[in-house]
Amino acid sequence: MTTIRSCLALILTSNLRERLLARAYKEIDNLLKNGVEQEDFDKVIEYMNKNYTQNLKENGYWLSAINNRYLLGKDMHTTYKTALDSVTPEKINEFMKEIFTQGNKVEVIMDGIAAE
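This write-up is about the structure you can find in this document.

Scoring rules and cut-offs
Residues numbered from 1 in each chain as written. Predicted model: local features only at pLDDT ≥ 70, side-chain atom pairs only at ≥ 80, totals over all residues. Heavy atoms only, no water. Helix = DSSP H or I, 4+ residues; strand = E, 2+ residues; numbered from the N terminus. Buried < 20%, exposed > 50% of the residue type's maximum accessible area, 1.4 Å probe, protein only. Contact = heavy atoms within 4.5 Å. Areas by Shrake-Rupley, 256 points an atom, 1.4 Å probe, with all protein chains shown as cover. Expected span 1.5 Å × (residues − 1). Arc of directions from axis to C-beta. Phe/Tyr/Trp six-rings, centres within 6.5 Å; stacked < 30°, edge-to-face > 60°. Patch = residues over 30% accessible without salt bridge, like charges linked within 9 Å, V, L, I, M, F, W, Y side chains within 5 Å. Salt bridge = Lys/Arg side-chain N within 4 Å of Asp/Glu carboxyl O. Lys, Arg positive; Asp, Glu negative; His and termini not counted. Charge placed at Lys NZ, Arg CZ, Asp CG, Glu CD.

Looking only at helices and strands, the chain has 5 helices and 0 strands in total. When the helices and strands of the chain are listed from N to C terminus, the series reads α-α-α-α-α. By residue count, 9% of the 116 residues in the chain fall in the buried class. For the chain, contacts bridging at least 24 residues in sequence account for 74% of all contacts bridging at least 6. Just so you have it, the chain exposes about 10200 Å², and 58% of that area is on carbon and sulfur atoms.

Turning our attention to the side chain of N49. With respect to the helices, strands and loops of the structure, N49 is situated in helix α2 (residues 38–55). When neighbours within four sequence positions are excluded, N49 is seen to be in contact with K81, L84 and D85.

Turning our attention to α2. Its 18 residues give α2 an end-to-end C-alpha distance of 25 Å, which sits within 8% of 26 Å, the value for a rise of 1.5 Å per residue. Looking at α2, one finds that the buried residues are F41, I45, N49 and Y52. Seen end-on, α2 carries its buried residues on one side only, within an arc spanning 65 degrees. Within α2, the exposed residues directed more than 90 degrees away from the buried face are E39, E46, Y47 and K50. For α2, the elements touching its buried residues are α3 (59–71), α4 (80–86) and α5 (89–100).

Our focus in this paragraph is the packing of aromatic side chains. Applying the stated rule across the entire model yields 3 aromatic pairs. Summarising the aromatic geometry, the rings of Y52 and Y80 are spaced 4.8 Å apart at their centres and angled 25 degrees between planes, so their arrangement reads as stacked. Here Y80 lies in helix α4 and Y52 lies in helix α2, a separation of 28 residues in the sequence. Put simply, the rings of Y52, Y61, W62 and Y80 touch in pairs and so form one group of aromatic residues.

This paragraph deals with a negative patch on the surface. A surface patch of like charges, here negative, comprises E37, D40, D42 and E46. Here D40 shows up in helix α2. Since its relative accessible area comes to 40%, D40 is described here as partly exposed.

Everything listed here is a matter of geometry and, on its own, says nothing about what the molecule does.
Right, dumping it as structure tokens:
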């Protein structure tokens, strides 16, 4: 019985994997053809601004900012807001076209191991 369940789970997982990959590629193609929708872009920027404001109150954020600055030599804090405000849907569309038309592709599929 366990073998039948394992085979069925493998078949379902394989079908699901193929459906999810097809869906991901369909969405990428849609973004390349139609670009980022303004409403979606606005929601993401709003979330990122809200998240940034909240992070400023968290010790973990500041620890990360200090580590990035002094261990990696990267100041991710000072220019974050300016960088975020400079992002536009047009820039994202240009970036996506540049990246996705290079012909490079990597698929990473991770399968979990069933608990015993």
